[in-house]
Amino acid sequence: MTNAELPTPRTVVPIEPSLLIAEAFDQAQVTELRHSVSSCAHAAGMAGQRLDDFVLAVNELITNAVRHGGGRGWLRLWRRAGELVCEVSDHGSGISEQRLDDRSRPAPDTAGGWGLWLARELSDAMEVESGAAGTTVRISALVA
């Protein structure tokens, strides 16, 4: 076996030890997923109003994915340097630039359109990438 070539080294991506949830969901899993996010956030050190706000923000994102993003989505929740980060992705048709740029509070009598606004208000940071292939929203909140 002296003529045998050594196998090509593989690139190994370590499993993120801070990853708390990585789950696909549809309407049937929304409530269960919200409870899982709440449990993980609490275990990570969030409590009180901070915990309630973060869970509500995540709930708005997963509900938006179901309602406007093709009926299903993908959620990842992880801990990073003193904060929790949640990313929700869907395969809908995307969000218009006009809608993404509008950061004003919806009118009180508006039945819809509160999801992104609430998620932005209830988290410390929010990033949105959206296009014809879907939308990914990432929120983060410091763990106090």
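Residues numbered from 1 in each chain as written. Predicted model: local features only at pLDDT ≥ 70, side-chain atom pairs only at ≥ 80, totals over all residues. Heavy atoms only, no water.

Teacher, can you tell me more about the pattern of salt bridges here?
Any two side chains of opposite charge can pair, so long as their charged atoms come close to each other. This structure, assessed with the given rule, holds four salt bridges. R50 is paired through a salt bridge with D124; the nearest N and O atoms lie 2.3 Å apart. Note that R50 is positioned in helix 2 (residues 48-68) and D124 in the loop between helix 4 (115-122) and strand 4 (125-131), a separation of 74 residues in sequence. The exposure class of R50 is partly exposed, given its relative accessible area of 29%. (Salt bridge = Lys/Arg side-chain N within 4 Å of Asp/Glu carboxyl O. Helix = DSSP H or I, 4+ residues; strand = E, 2+ residues; numbered from the N terminus. Buried < 20%, exposed > 50% of the residue type's maximum accessible area, 1.4 Å probe, protein only.)

Looking at this model, I keep getting lost on the confidence of the model for the chain. Mind explaining?
Low pLDDT means the predicted coordinates in that region are not meant to be read closely. Confidence in the prediction of the chain, expressed as mean pLDDT, is 88, and 87% of residues score 70 or more. Highest mean pLDDT in the chain belongs to helix 1 (residues 30-43) (97); lowest belongs to helix 3 (residues 97-101) (80). (pLDDT = per-residue confidence, 0-100.)

Explain the packing of helix 2 against helix 4 here, please?
As a packed pair, helix 2 and helix 4 sit with axes 8 Å apart at the nearest point and diverge in direction by 155°. Between helix 2 and helix 4, the angle is such that the two are roughly antiparallel. As for how helix 2 packs across helix 4, the hand of that crossing is left-handed. On helix 4, the residues that touch D53, F54, L56, A57, E60, L61 and N64 of helix 2 are G115, L116, L118, A119 and L122. Each residue belonging to the contact of helix 2 with helix 4 can be placed in one class, and the counts come to eight nonpolar, two polar and two charged. (Axes fitted to C-alpha atoms, helices over the stretch in contact; angles between N-to-C directions. Parallel < 35°, antiparallel > 145°, perpendicular 65-115°, else oblique. Left-handed = near helix turned anticlockwise from the far one by under 90°. Contact = heavy atoms within 4.5 Å. Nonpolar A, V, L, I, M, F, W, Y, C, P; charged D, E, K, R; others polar.)

What is the right way to look at the pairing of strand 5 (residues 134-142) in this model?
On a regular strand, one side chain projects to one face of the sheet and the next to the other, so that they alternate. Where strand 3 (residues 83-90) meets strand 5, seven bridges bridge the pair, whose relative direction is antiparallel. The partner of C86 across the bridge, within strand 5, is I139. With seven bridges joining them, strand 4 and strand 5 adopt antiparallel strand pairing. Each bridged residue has a counterpart across the sheet, and for M126 the counterpart in strand 5 is I139. If you look at the hairpin formed by strand 4 and strand 5, you'll find two residues sitting between the two strands. (Pairing = 2+ DSSP bridges.)

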